[in-house]
Amino acid sequence: MKFNTKAIHGGQHHDPSTGAVMPPVYQTSTFVQTSPGQPLNPDYEYSRAANPTRSALENALASIENGTRGLAFSSGLAATDCVLRSFKAGDEIIAMDDLYGGTYRMFTRVYKDSGIKFHFVDMNDLDKFKSLINENTKMVWVETPTNPLMKLADIQEIAKITKEHNILFAVDNTFATPYLQKPLDLGADIVMHSATKYLGGHSDVIAGALIVKDEALGAQLHFQQFATGATLGPMDSFLVLRGIKTLHLRVQRHCENGAKVVEFLSNHPKIKTVYYPGLPSHPFHEIAKKQMSGFGGMVSFTFVSGKKEDAIDFLEKVQVFTLAESLGGVESLANHPALMTHASIPEDKRKEIGITDDLVRLSVGIEDAEDLIDDLKQALA
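Residues numbered from 1 in each chain as written. Predicted model: local features only at pLDDT ≥ 70, side-chain atom pairs only at ≥ 80, totals over all residues. Heavy atoms only, no water.

**Quick word on the overall build of the protein chain**
Assigned secondary structure in the protein chain consists of 14 helices and 14 strands. Taken over C-alpha atoms, the radius of gyration comes to 21 Å for the protein chain, in line with the 21 Å a tight globule of 381 residues would show. Along the longest, intermediate and shortest principal axes, the C-alpha atoms of the protein chain span 75 × 50 × 35 Å. Counting across all 381 residues of the protein chain, residues that qualify as buried make up 56%. (Helix = DSSP H or I, 4+ residues; strand = E, 2+ residues; numbered from the N terminus. Rg over C-alpha atoms; globule rule 2.2 N^0.38 Å. Buried < 20%, exposed > 50% of the residue type's maximum accessible area, 1.4 Å probe, protein only.)

**What about the packing of aromatic side chains?**
Scanning the model with the defined rule gives nine aromatic pairs in all. Seen in terms of ring centroids, Phe31 and Tyr44 are 5.5 Å apart; in terms of plane orientation they differ by 35°. Their pairing is tilted. In this pair, Phe31 sits in the loop between helix H1 (3–9) and strand E1 (33–35) while Tyr44 sits in the loop between strand E2 (38–39) and helix H2 (52–64), placing the two residues 13 residues apart along the sequence. Judged by its relative accessible area of 18%, Phe31 is buried. The structure contains a cluster of three or more aromatic residues connected by ring pairs, namely Phe107, Phe118 and Trp141. (Phe/Tyr/Trp six-rings, centres within 6.5 Å; stacked < 30°, edge-to-face > 60°.)

**What about the pairing of strand E7 (residues 168–172)?**
For E7, a buried count of four out of five residues is recorded, marking the element as mostly surrounded by other parts of the structure. For the segment spanning strand E6 (residues 137–143), helix H6 (residues 155–164) and E7, crossover handedness is right-handed. (Right-handed = clockwise from strand over helix to strand, strands pointing away.)

**Considerations on the sheet that holds strand E10 (residues 271–275)**
Reading across from one edge, E10-E11-E14-E13-E12 is the order of the five strands in this open sheet, with mixed pairing throughout. Of all the strands in the sheet, just E10 and strand E12 (322–323) have a single pairing partner and so form its edges. Here E12 pairs with strand E13 (residues 333–335) via two bridges, running parallel. Looking at E13, one finds that Leu323 is bridged to Ala334. (Pairing = 2+ DSSP bridges.)

**Let's talk about empty space enclosed by the protein**
The tally for this structure, following the rule as stated, stands at one cavity of 30 Å³ or more. If you add up the space inside the largest cavity, you get close to 50 Å³. Every residue along the wall of the largest cavity is listed here: Pro145, Met150, Phe175, Ala176, Leu180, Pro277, Met292, Phe295, Gly296, Gly297 and Met298. Residue composition of the lining of the largest cavity, by class: nine nonpolar, two polar and no charged. (1 Å grid on protein atoms, 1.4 Å probe; cavity = no way out; pocket = protein on both sides within 12 Å on 5 of 7 lines; lining within 4 Å. Points joined across faces, edges and corners; volume = space filled by probe spheres on them. Nonpolar A, V, L, I, M, F, W, Y, C, P; charged D, E, K, R; others polar.)

**Describing the sheet that holds E7**
Pairing in this open sheet of seven strands is mixed, and the strands run E3-E9-E8-E7-E6-E4-E5 from one edge to the other. Each edge of the open sheet carries a strand with a single partner, namely strand E3 (69–73) and strand E5 (117–121). Each neighbouring strand pair of the sheet contributes to a mean axis angle of 20°, computed without reference to strand direction. Both strand E4 (residues 92–96) and E5 contribute to a ladder of five bridges, which runs parallel. Considered in E5, the bridge of Ala95 is made with Phe120. Across the sheet, helix H4 (residues 101–110) touches E4, E5 and E6, and the angle it forms with E5 is around 140°. The sheet contacts of H6 involve E6 and E7, and relative to E7 the element is tilted by about 160°. (Axes fitted to C-alpha atoms, helices over the stretch in contact; angles between N-to-C directions. Contact = heavy atoms within 4.5 Å.)

**Quick look at the pattern of salt bridges**
Counted under the stated rule, the structure contains 13 salt bridges. Glu58 serves as the salt-bridge partner of Arg54, at 3.6 Å between the closest nitrogen and oxygen. In this pair, Arg54 and Glu58 both sit in helix H2, four residues apart, roughly one turn of the helix. Just as Arg54 is buried, Glu58 falls in that class too. (Salt bridge = Lys/Arg side-chain N within 4 Å of Asp/Glu carboxyl O.)

**Some words on the pairing of strand E11 (residues 298–303)**
Among the six residues in E11, six count as buried, and that is most of the element. Neither face of E11 is left uncovered, since the one carrying Met298, Ser300 and Thr302 and the one carrying Val299, Phe301 and Phe303 both have all their residues buried. Note that E10 and E11 share three bridges and pair antiparallel. The residue bridging Ile271 from the neighbouring strand is Phe303, located in E11. Summarising the sheet, E11 and strand E14 (residues 360–363) pair through four bridges and their orientation is antiparallel. Bridge assignment links Met298 to a residue of E14, and that residue is Ser363.

**Considering the nonpolar core**
In terms of nonpolar packing, the biggest core is built from 44 residues, with Leu84, Met123, Val140, Trp141, Phe169 and Leu210 touching the most fellow members. Considering every element that reaches this core, the biggest residue donor is helix H3 (residues 76–84), with five residues. Residues contacting Trp141, with those up to four places away along its chain left out, are Thr80, Val83, Ile94, Ala95, Met96, Leu99, Thr103, Phe107, Ala170, Asp172 and Met192. (Core = buried A, V, L, I, M, F, W, Y, C linked by side-chain atoms within 4.5 Å.)

**Quick notes on unusual backbone geometry**
Leaving glycine aside, a negative phi is the common case for residues, and trans is the common case for peptide bonds. Residue Pro145 is bonded to the preceding Thr144 through a cis peptide linkage, with omega at -5°. Within the secondary structure, Pro145 is located in the loop between E6 and H6. Put simply, Asn147 and Pro148 share a cis peptide bond, and its omega is 10°. Tracing the chain through its elements places Pro148 in the loop between E6 and H6. The backbone of Met150 shows a phi angle near 55°, a positive value even though the residue is not glycine. Examined against the element boundaries, Met150 turns out to sit in the loop between E6 and H6.

See below:
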């Protein structure tokens, strides 16, 4: 199947008991057994271990990312936490220097006393990256494109290095989605999604996902999920599965609208820098062309004035764009990373990686592009 067909049919089956086209919401915590230890259906005993609605979603996730197993979690951070539980004191993890604030917070605060050592590095400086690898290095964690500066990392080149050193390689594919980028095909071992974003697509669910190529790794991660309990409920699983069925249509429009918004912003006298991988001036444009089939709907920009007050004034005036955290929904959202999504990153670290106080991040939705541009015009005026 090609992607558009996979999004609708990949890994999916009609409900065997009723013939329902969409999987029912199996709102049950437990399943009948015919004899002690003998469930009626060998796949289902207790919904923390497996639930038919969640299984349908997990099969769809594996299909669209070309993996062997998908796992659905109660949030993207729960999915990330599940991966980190694979490591012990003395292990080292190399991570990209520009990360979602919640990921950075988990790495530096939640796991700070675990004995796991984290290194943060510009993953485009491959020599610097390789210099950090030692016998204790167990995983590399990358976002591409990153949140909020739209930095990219060359997945294929990093995968060559991790395979040479027998290191796990995980990619947060939230911004790109599997419609635009497939990390497993490029050599990654684990793909993570905040399924709250583009996969769900309607700002009505909190969810996370892991997809892997190796079946043994999938079984290991499933055990950790089952043993710690951060599973996605059946209703939320249904909502994400429904979102995936229109993913290709929505992301195509996100890309189209994103390009038009970028063109407007790039020519506006009040805007200094526009961060968007589709721009030829973007420092990682060639990487984007190499590993992505489109450039997405995420856009960040700064002001010529450099003033935080100008960013706040703009964000208070938008009307079609909604001032809110999150991204990837059908509606356009605007966000101030330093005060909102990345406030958990210390100010000196934010400045070091380029998250300035005048930086604004847009999640360009699927409305009429003309209305979005008119809204940007009036807010900037």
